[in-house]
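Coordinate inspection notes
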Amino acid sequence: MTSTPAPAARLTARGLVRRYGGIEAVAGVDLVAPAGRITALIGPNGAGKSTLFDCLAGTARPDAGRVLLGGRDVTGVPAHRRVRLGLARTFQQIAVFPTLSVADNVRVGAEQRGGRTDARAAAGRTDRALGLLGLRGIAAESAGAQPTGVLRLVELARALAGGPRVLLLDEPAAGLDAVQTARLVTVLRDLAGRGMALLLVEHDAELVAELADSVYAMAAGRVVAAGPTAAVLADPRVAGAWGSST
Ligand code: ATP
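The structure reproduced in this document is the subject of the present report. (Residues numbered from 1 in each chain as written. Predicted model: local features only at pLDDT ≥ 70, side-chain atom pairs only at ≥ 80, totals over all residues. Heavy atoms only, no water.)

The secondary structure content of the chain amounts to nine helices and ten strands. In summary, the chain has a C-alpha radius of gyration of 17 Å against a globular reference of 18 Å for 246 residues, a match within 12%. Taken along its principal axes, the extent of the C-alpha atoms in the chain is 50 × 40 × 35 Å. The burial tally for the chain puts 52% of its 246 residues in the buried class. If you sum the accessible surface of the chain, you get close to 10,700 Å²; carbon and sulfur atoms cover 52% of it. Within the chain, one finds 28 positive and 21 negative side-chain charges whose respective centroids are separated by 9 Å. (Helix = DSSP H or I, 4+ residues; strand = E, 2+ residues; numbered from the N terminus. Rg over C-alpha atoms; globule rule 2.2 N^0.38 Å. Buried < 20%, exposed > 50% of the residue type's maximum accessible area, 1.4 Å probe, protein only. Areas by Shrake-Rupley, 256 points an atom, 1.4 Å probe, with all protein chains shown as cover. Lys, Arg positive; Asp, Glu negative; His and termini not counted. Charge placed at Lys NZ, Arg CZ, Asp CG, Glu CD.)

The interhelical angle for the contact between helix α5 (residues 148-161) and helix α6 (residues 178-193), taken along N-to-C directions, is 15°, at an axis separation of 11 Å. Our classification of the angle between α5 and α6 gives roughly parallel. Here the hand of the crossing between α5 and α6 comes out left-handed. Counting all contacts with α5, which are made through Gly149, Val150, Leu153, Leu156 and Leu160, the residues of α6 involved are Gln180, Leu184, Val187, Leu188 and Leu191. For the contact of α5 with α6, the per-class residue count stands at eight nonpolar, two polar and no charged. (Axes fitted to C-alpha atoms, helices over the stretch in contact; angles between N-to-C directions. Parallel < 35°, antiparallel > 145°, perpendicular 65-115°, else oblique. Left-handed = near helix turned anticlockwise from the far one by under 90°. Contact = heavy atoms within 4.5 Å. Nonpolar A, V, L, I, M, F, W, Y, C, P; charged D, E, K, R; others polar.)

A separate point is the site of the ligand. If you check the shell around the ligand, you find Tyr20, Ala25, Pro44, Asn45, Gly46, Ala47, Gly48, Lys49, Ser50, Thr51, Gln92 and His203 and nothing else. At 2.8 Å, a backbone N or O of Gly46 approaches an oxygen atom of the ligand. One nitrogen or oxygen atom from the main chain of Gly48 is found 2.9 Å from an oxygen atom belonging to the ligand. Contact with the protein chains hides 61% of the accessible area of the ligand, taken as 630 Å² for the molecule alone. Of the residues forming the shell around the ligand, the biggest block, three residues, is contributed by helix α1 (residues 49-57). Counted by class, the shell around the ligand contains four nonpolar, seven polar and one charged residues. (Near = heavy atom within 4 Å. Polar contact = N/O pair within 3.5 Å; in protein donor to acceptor, adjacent residues only side chain to side chain.)

Our next topic: the side chain of Arg89. The residue Arg89 is located in strand β6 (residues 87-90) in this model. Residue Arg89 is classed as buried on the basis of its relative accessible area, which comes to 16%. Within polar-contact distance, the side chain of Arg89 engages the side chain of Asp54 at 2.8 Å. Within the local environment of Arg89, its side chain forms a polar contact with the side chain of Thr59, the two groups lying 3.1 Å apart. Not counting chain neighbours up to four residues away, the residues in contact with Arg89 comprise Ser50, Phe53, Asp54, Ala57, Thr59, Ala159, Leu167 and Leu168.

Residues in a regular strand point their side chains to alternate faces of the sheet. The element strand β9 (residues 214-219) is largely enclosed, with a buried count of five among its six residues. One ladder, built from four bridges, connects strand β3 (residues 38-42) with β9; its direction is parallel. Within the sheet, the bridge partner assigned to Leu41 lies in β9 and is Tyr216. In this structure, β9 lies alongside strand β10 (residues 222-228), joined through six bridges in antiparallel fashion. Looking at β10, one finds that Ala217 is bridged to Ala225. (Pairing = 2+ DSSP bridges.)

Time to look at the pairing of strand β1 (residues 11-20). Pairing geometry for β1 and strand β2 (residues 23-33), over eight bridges, is antiparallel. Across the sheet, residue Leu16 finds its bridge partner in β2, namely Val29. Pairing geometry for β1 and strand β4 (residues 64-69), over five bridges, is antiparallel. Bridge pairing in β4 places Ala13 opposite Val67.

Our next topic: the pattern of salt bridges. Across all of its chains, the model carries eight salt bridges by this definition. Put simply, Asp54 and Arg89 hold a salt bridge, and the shortest N to O gap is 2.8 Å. On the criterion of sequence distance, the pair formed by Asp54 in helix α1 and Arg89 in strand β6 is long-range, its members being 35 residues apart. Here Asp235 ties to Arg237 by a salt bridge, and the two come within 2.7 Å at their closest N and O atoms. Classification of Arg237 by relative accessible area gives exposed; the value is 53%. (Salt bridge = Lys/Arg side-chain N within 4 Å of Asp/Glu carboxyl O.)

That's the geometry; what it means functionally is another story.
Laid out in C-alpha cells, this is it:
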C-alpha cells in the first residue's frame, strides 16, 4: 500500500475482560490475528464482538488482560496512538465526514499516520488507497452524496491510507453490492498477501468461508470455537449460533 511498507505485526489478545455493570461483555478472550492472514470473528448479536474490537482498538479499556501489537504491550495506549503504531479500524456504523469530498475523507487517514507525514506523501497514499478501492472516479464528489456501499469502501480506503500493519474491520461487506463485495474480497486478500494482519467481524457465513484463514466464534463473551475456517464453521455449536445463515 505504501512505498515503504511497515513491518508485519500480529495482534494478540490475552485474557481480555470487559465488564459493563454486571455483564461481562468480554469474559476472558485469547486471540491471535497473525500477519499475512485473514482472521474472522463471528457470533450472535450480543456475543461481545464489538466490545472485543473496542478493547483491541483502544476505544475501550479492558478490566483485565492484555493487548499486544507485534511484541509491544499496547493495553494502556490510547486509540489514536495505536493508529500511529499501525493499528487501523473500520466501524460497523459508517463514520465519514459528509461535507468533505471522498478524497478528503481518505486523506484524513493518510494524515493520521503521524510522525514524518508530509503533504505530498499523504497525497500519494491517498491516491493509492483511492485507486485500490476503485474510488478515483468519484474522488472529488461529496462523501455525503454516496450510497452506503461506496461509503464502506471510502472508510476502508481511509484506514488503508495510514499504511496499517493490522486492520480491524467491523462488518466490511454490510451494504455492499455483489461487485463491491468482489472488489473487497480481492483487496483484503491482496493486503493479507502483503503481510497485513486482518481481523474482521462478519455475519455473512459465505463471505467468512470464502475469505478467512481462521475463525474465532464467540458467544456470551467467550470464544467457544477457534481454528481453521472450515472446521469452525462445521462445529455444531457454531452452526447453531448462526442459525439459518449457515
Ligand atoms: P452485535 O453483533 O449485535 O454488534 P456484539 O457481538 O458486537 O453484537 P457487543 O455489542 O460487544 O456484542 O455486546 C456484548 C454485550 O455487552 C451485550 O450484552 C451488550 O448489551 C453489552 N454492551 C456492549 N456495549 C455496552 C455499553 N456501552 N454499555 C453497556 N452494555 C454494553
